[in-house]
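# Examining the three-dimensional arrangement
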Amino acid sequence: MAIFLDSGKIEQVEKFLRWGVIRGVTTNPTILLKDGVTGGAAGMKKRAQEIAAMIAPLPLSLEVTSNDPAQMIEQGREFASLADNINVKITIHGPEGETENIEVIHALETKYDVRVNATAMMSAQQCLLAALAGASYVSLFGGRVNNMGYDAVDEISRLRELLELQGLDSQIIIGSVREINNVITWLHAGAHIVTVTPDILAGMLVHPYSKETVRMFLDDAKKCEMC
Ligand code: E4P
């Protein structure tokens, strides 16, 4: 069981490393853009190298920026060579389903020894194919699954059972967390890893009743000093 941070922001990675609770970092082009990265693939590589160095030996997932199979392989190999702890994210297929990126996943893992995080998956069946193709990680987007009217818990629990039954080593990463409650629920359902935004992670800590209780302890400590 592990929590990863879904962020490309240096300060956030530093903060949660100091907490000692994260066991890896995941990014995607949308997150990196939101977190201030410019300059296309070159900018992404630079930010990834900074984060990878900060968190080593913990893993960082960096997504390729092309959907052309040959370029995905080339860029995947290049990204993986940037640091020992970089895993390469490959979407399960192209935007129109026109490229079946499962071949890319298989080639990177088996031919080029690159650890792949197969991503943008919305069902157990997609994850199973990626796992069979050899993906080290299979990323299921729980919030998006629920938004489509399916139940992420069902997908996770069936997938975990199948991976165990088939003796497949892929680790399930559940992402797209929408509510703090998703973290425990999805880990409990069988995800090996949940990747969370800085807001969700910070929100897991603070509880109004804890605040009140701590206030009481501090007030009474002060009163005690005056006794
Ligand atoms: C997971 O690896 C993804 O980066 C992320 O969790 C997707 O979340 P979203 O649905 O909020 O875009």
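In what follows, the accompanying structure is described.

Each value, and the rule that gives it
Residues numbered from 1 in each chain as written. Predicted model: local features only at pLDDT ≥ 70, side-chain atom pairs only at ≥ 80, totals over all residues. Buried ≥ 20, exposed ≤ 12 C-beta atoms within 10 Å, placed from the backbone. Helix = DSSP H or I, 4+ residues; strand = E, 2+ residues; numbered from the N terminus. Contact = placed C-beta atoms within 7 Å. Axes fitted to C-alpha atoms, helices over the stretch in contact; angles between N-to-C directions. Parallel < 35°, antiparallel > 145°, perpendicular 65-115°, else oblique. Nonpolar A, V, L, I, M, F, W, Y, C, P; charged D, E, K, R; others polar. Near = placed C-beta within 6 Å. Pairing = 2+ DSSP bridges. Right-handed = clockwise from strand over helix to strand, strands pointing away. Left-handed = near helix turned anticlockwise from the far one by under 90°.

Those residues of helix 5 (residues 102-110) not exposed but buried are Val104, Ile105, Ala107, Leu108 and Glu109. Residues of helix 5 that are buried make contact with helix 4 (69-82), strand 4 (86-91), strand 5 (116-121) and helix 6 (124-132).

What follows concerns the packing of helix 8 (residues 152-166) against helix 9 (residues 180-189). Packing of helix 8 against helix 9 brings their axes to within 8 Å, and their N-to-C directions diverge by 30 degrees. If you check the angle between helix 8 and helix 9, you find them roughly parallel. Facing Ala152, Val153, Ile156 and Ser157 of helix 8, the residues of helix 9 in contact are Thr185, Trp186 and Ala189. Grouping the amino acids of the contact of helix 8 with helix 9 by side-chain chemistry returns five nonpolar, two polar and no charged.

Here we take up the site of the ligand. Around the ligand, the neighbouring residues are Asp6, Thr26, Asn28, Ile31, Thr119, Ser139, Phe141, Gly143, Arg144, Gly175, Ser176 and Thr195. Elements represented by at least two residues in the shell around the ligand include exactly strand 6 (137-141) and helix 7 (142-147). For the shell around the ligand, a count of residues per class yields two nonpolar, eight polar and two charged.

A separate point is the sheet that holds strand 1 (residues 2-6). Taking strand neighbours around the barrel as the criterion, the eight strands line up as 1-2-3-4-5-6-7-8 in a closed arrangement whose pairing is parallel. Each neighbouring strand pair of the sheet contributes to a mean axis angle of 25 degrees, computed without reference to strand direction. With three bridges connecting them, strand 1 and strand 2 (residues 22-26) associate as parallel partners. Of the residues in strand 2, the one forming a bridge with aspartate 6 is threonine 26.

As a further point, take the pairing of strand 4. For strand 4, the buried fraction is high: six of the six residues fall into the buried class. Taking every second residue as pointing to the same face, both faces of strand 4 are buried, with Ile86, Val88 and Ile90 on one and Asn87, Lys89 and Thr91 on the other. The pairing of strand 3 (residues 60-63) with strand 4 spans four bridges and is parallel. Residue pairing across strands places leucine 62 opposite valine 88, the latter belonging to strand 4. One crossover worth recording links strand 3 to the parallel strand 4 by way of helix 4, and it is right-handed.

What follows is about the environment of valine 21. Checked against the element boundaries, valine 21 lands in the loop between helix 1 (10-19) and strand 2. Residue valine 21 is classed as partly exposed on the basis of its 13 C-beta neighbours within 10 Å. Setting aside chain neighbours within four positions, we find valine 21 in contact with Ile3 and Phe16.

Bringing the environment of threonine 110 into the picture now. Locating threonine 110 in the fold gives a position in helix 5. Linking threonine 110 and alanine 133, residues 23 residues apart in sequence, is a C-alpha distance of 8.8 Å.

The next point concerns the packing of helix 6 against helix 8. Their axes nearest at 9 Å, the elements helix 6 and helix 8 cross at an angle of 30 degrees. Taken together, the axis directions place helix 6 and helix 8 in an arrangement best described as roughly parallel. The handedness of the crossing between helix 6 and helix 8 comes out as right-handed. For the pair formed by helix 6 and helix 8, the contact residues are Ala124, Cys127, Leu128 and Ala131 on the first element and Glu155, Arg158, Leu159, Leu162 and Leu163 on the second.

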